[in-house]
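# Chains, contacts and geometry: an overview
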Amino acid sequence: MLLAPLLALALVSTGVFAQDGGYPPPPPQGVGGPPPGAGPDNAHYAWADVLRVDPVYGVARTATPTQQCYDQQVVQQTPSNKGIGTVLGAVVGGVLGSTIGHGRGNTAATVGGAVVGGAVGNSVASGGSTTVSNQTVCQPGTQVSEQRQIIGYDVEYRYHGDVYMSRLSYDPGERLRVRVSVSPAD
């Protein structure tokens, strides 16, 4: 009869070790165990007191396209028709010369009138016409401006009596939430 209680005790003790792999169960939270909210990596969150916040400045460059415009006088010359003026002047001069001269002088007057008329027609036609107008001329450019701006904050804070320094992208105010991770030092 003594064998049954001993057998039961042996089964119960073997079952406990098989169930948890031979390790004692973890202590309840707050009594030597991980703090409340700690994850499987032995980390938790806490609050640190901010001692000092210094803004960190950088220079931002911006390029703005610009355009500089001004009025400019433009002179345009209309091309002349020298050939037409010369021919037309020669014909008119030849007709006038033939009406003035008689006989053999008629031929000389016609030729002379054509030559003089051609020369006059050529000089009249070679002048052409000139037009002066104003045109707006624009040239593209770029204006570069530099501006100082805050690119981050150097924050000095105290957690459990120790002082730390970090660069953050924001101003944390009077308190800073920190992630505390504890692991054995090997």
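Scroll up a little and you will see the structure.
Let us look at the structure shown here. (Residues numbered from 1 in each chain as written. Predicted model: local features only at pLDDT ≥ 70, side-chain atom pairs only at ≥ 80, totals over all residues. Heavy atoms only, no water.)

### Let's talk about the overall build of the chain
The secondary structure content of the chain amounts to three helices and four strands. Reading the helices (α) and strands (β) of the chain from amino to carboxyl end gives α-β-α-α-β-β-β. Taking all contacts inside the chain whose residues are at least 6 apart in sequence as the whole, residues at least 24 apart take part in 77%. With the model as given, the accessible surface of the chain reaches about 14,400 Å², and the carbon-plus-sulfur share is 58%. (Helix = DSSP H or I, 4+ residues; strand = E, 2+ residues; numbered from the N terminus. Contact = heavy atoms within 4.5 Å. Areas by Shrake-Rupley, 256 points an atom, 1.4 Å probe, with all protein chains shown as cover.)

### Description of the sheet that holds strand S2 (residues 129-159)
Here we have four strands laid out as an open sheet, ordered S3-S2-S1-S4, and antiparallel in their pairing. Looking at strand neighbours, the two that pair on one side only are strand S3 (162-168) and strand S4 (175-181), the edges of this open sheet. In this sheet, adjacent strand axes meet at a mean angle of 30° when their direction is disregarded. (Pairing = 2+ DSSP bridges. Axes fitted to C-alpha atoms, helices over the stretch in contact; angles between N-to-C directions.)

### Here's the deal with the state of the cysteines
Considering all chains together, one arrives at one disulfide under this definition. Bridging Cys69 to Cys138, the disulfide has an S-S length of 2.0 Å. Taking the sign of the torsion about the S-S bond as the criterion, the disulfide between Cys69 and Cys138, at about 110°, is right-handed. Residue Cys69 is found in strand S1 (residues 43-78), and its partner Cys138 is found in strand S2; the two are separated by 69 residues along the sequence. Assessed through its relative accessible area of 33%, Cys138 is described here as partly exposed. (Disulfide = S-S within 2.5 Å. Buried < 20%, exposed > 50% of the residue type's maximum accessible area, 1.4 Å probe, protein only.)

### Details of the pairing of S2
Every other side chain in a regular strand lies on the same face of the sheet, so the side chains alternate between the two faces. Sheet analysis places S1 next to S2, joined by 29 bridges and oriented antiparallel. In the sheet register, Asp54 faces S2, and the bridge partner there is Asp154. In this sheet, S3 lies alongside S2 in antiparallel orientation, the contact comprising seven bridges. Within the sheet, the bridge partner assigned to Glu156 lies in S3 and is Met165.

### What about the pattern of salt bridges?
Counting across every chain of the model gives four salt bridges. A salt bridge links Glu156 to Arg52; the nearest nitrogen and oxygen atoms lie 2.9 Å apart. A residue pair is termed long-range when its members are at least 10 positions apart, and Glu156 in strand S2 and Arg52 in strand S1 qualify at 104 residues. Across the salt bridge formed by Arg61 and Glu146, the nearest N and O atoms sit 2.8 Å from each other. (Salt bridge = Lys/Arg side-chain N within 4 Å of Asp/Glu carboxyl O.)

### Quick notes on the packing of aromatic side chains
If you walk through the whole model with that rule in mind, you get one aromatic pair. Centre to centre, the rings of Tyr157 and Tyr164 are 5.8 Å apart; their planes meet at 25°, and the pair counts as stacked. With relative accessibility at 11%, the residue Tyr157 sits in the buried group. Sitting above the plane of the Tyr57 ring, Arg148 keeps its charged end 4.2 Å from the centroid. The ring of Tyr45 has Arg177 lying over it, and the distance from NZ or CZ to the ring centre is 4.2 Å. (Phe/Tyr/Trp six-rings, centres within 6.5 Å; stacked < 30°, edge-to-face > 60°. Lys NZ or Arg CZ within 6 Å of the ring centre and 35° of its normal.)

### Looking at the nonpolar core
Side chains that are nonpolar tend, in soluble globular proteins, to be buried together. By size, the foremost hydrophobic cluster in this structure holds 11 residues: Ala46, Ala48, Val50, Tyr153, Val155, Tyr157, Tyr159, Leu168, Leu176, Val178 and Val180. Elements with a contribution of two residues or more to this core: S1, S2 and S4. The element that contributes the greatest number of residues to this core is S2, accounting for four residues. Excluding residues that lie within four positions of it along the chain, Tyr157 makes contacts with Ala48, Asp49, Val50, Leu51, Asp162, Val163, Tyr164, Met165, Ser166, Leu176 and Val178. (Core = buried A, V, L, I, M, F, W, Y, C linked by side-chain atoms within 4.5 Å.)

### Thoughts on unusual backbone geometry
Positive phi, close to 50°, is recorded for His160, a residue that is not glycine. For His160, the position within the fold is in the loop between S2 and S3.

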